[in-house]
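Fold and contact review
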Amino acid sequence: MNPSFSIEDVQAEALRLIDLQSSLLEQIRDSKILQADSEIQSTIDNRRSTIDNRQ
């Protein structure tokens, strides 16, 4: 580590990285939720289509 960095600088960078990590994890979670919603809607649409084809 470069000795010209103060403890405060290192702490500030650590907090920035933690915030970045939290933001990335939140985006991943949101994207998985959207993907799941899309897959559920696709399943519903497929089942409706199957039912319509049988009638």
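Before reading further, recall that the structure is shown in the block above.
Now for a look at the structure at hand. (Residues numbered from 1 in each chain as written. Predicted model: local features only at pLDDT ≥ 70, side-chain atom pairs only at ≥ 80, totals over all residues. Heavy atoms only, no water.)

**Points about the overall build of the protein**
Rules: The numbering of helices and of strands both runs from the N terminus, where a helix is a DSSP run of H or I of at least 4 residues and a strand a run of E of at least 2. With the radius of gyration taken over C-alpha atoms, the globule rule is written as 2.2 Å times the number of residues to the power 0.38. Relative accessible area decides the class of each residue, using a 1.4 Å probe on protein chains only: under 20% of the type maximum gives buried, over 50% gives exposed, and in between gives partly exposed. Under the convention used here, Asp and Glu are negative, Lys and Arg are positive, and both His and the chain ends fall outside the count. A single reference atom marks each charge: NZ on Lys, CZ on Arg, CG on Asp, CD on Glu.
Check the secondary structure of the protein and you find one helix and zero strands. For a compact globule of 55 residues, the expected C-alpha radius of gyration is about 10 Å, and the protein comes in at 23 Å, more than 25% above that figure. Principal axes of the C-alpha set define a box for the protein whose edges measure 75 × 15 × 5 Å. Residues counted as buried form 0% of the 55 residues belonging to the protein. Of the charged side chains in the protein, 6 are positive and 10 negative, and the gap between their average positions amounts to 14 Å.

**A closer look at the pattern of salt bridges**
Put simply, the test is: A carboxyl oxygen of Asp or Glu within 4 Å of a side-chain nitrogen of Lys or Arg is what we treat as a salt bridge.
In the structure shown here, the tally under the stated rule is two salt bridges. Among the salt bridges present, the one from Arg16 reaches Glu13, with a minimum N-O distance of 2.8 Å. In this pair, Arg16 and Glu13 both sit in helix 1 (residues 7–54), three residues apart, roughly one turn of the helix. Owing to a relative accessible area of 44%, Arg16 belongs among the partly exposed residues under this scheme. For Glu13, a relative accessible area of 36% puts it in the partly exposed group. Residues Arg29 and Asp30 are paired through a salt bridge, measuring 2.8 Å at the closest nitrogen-oxygen approach.

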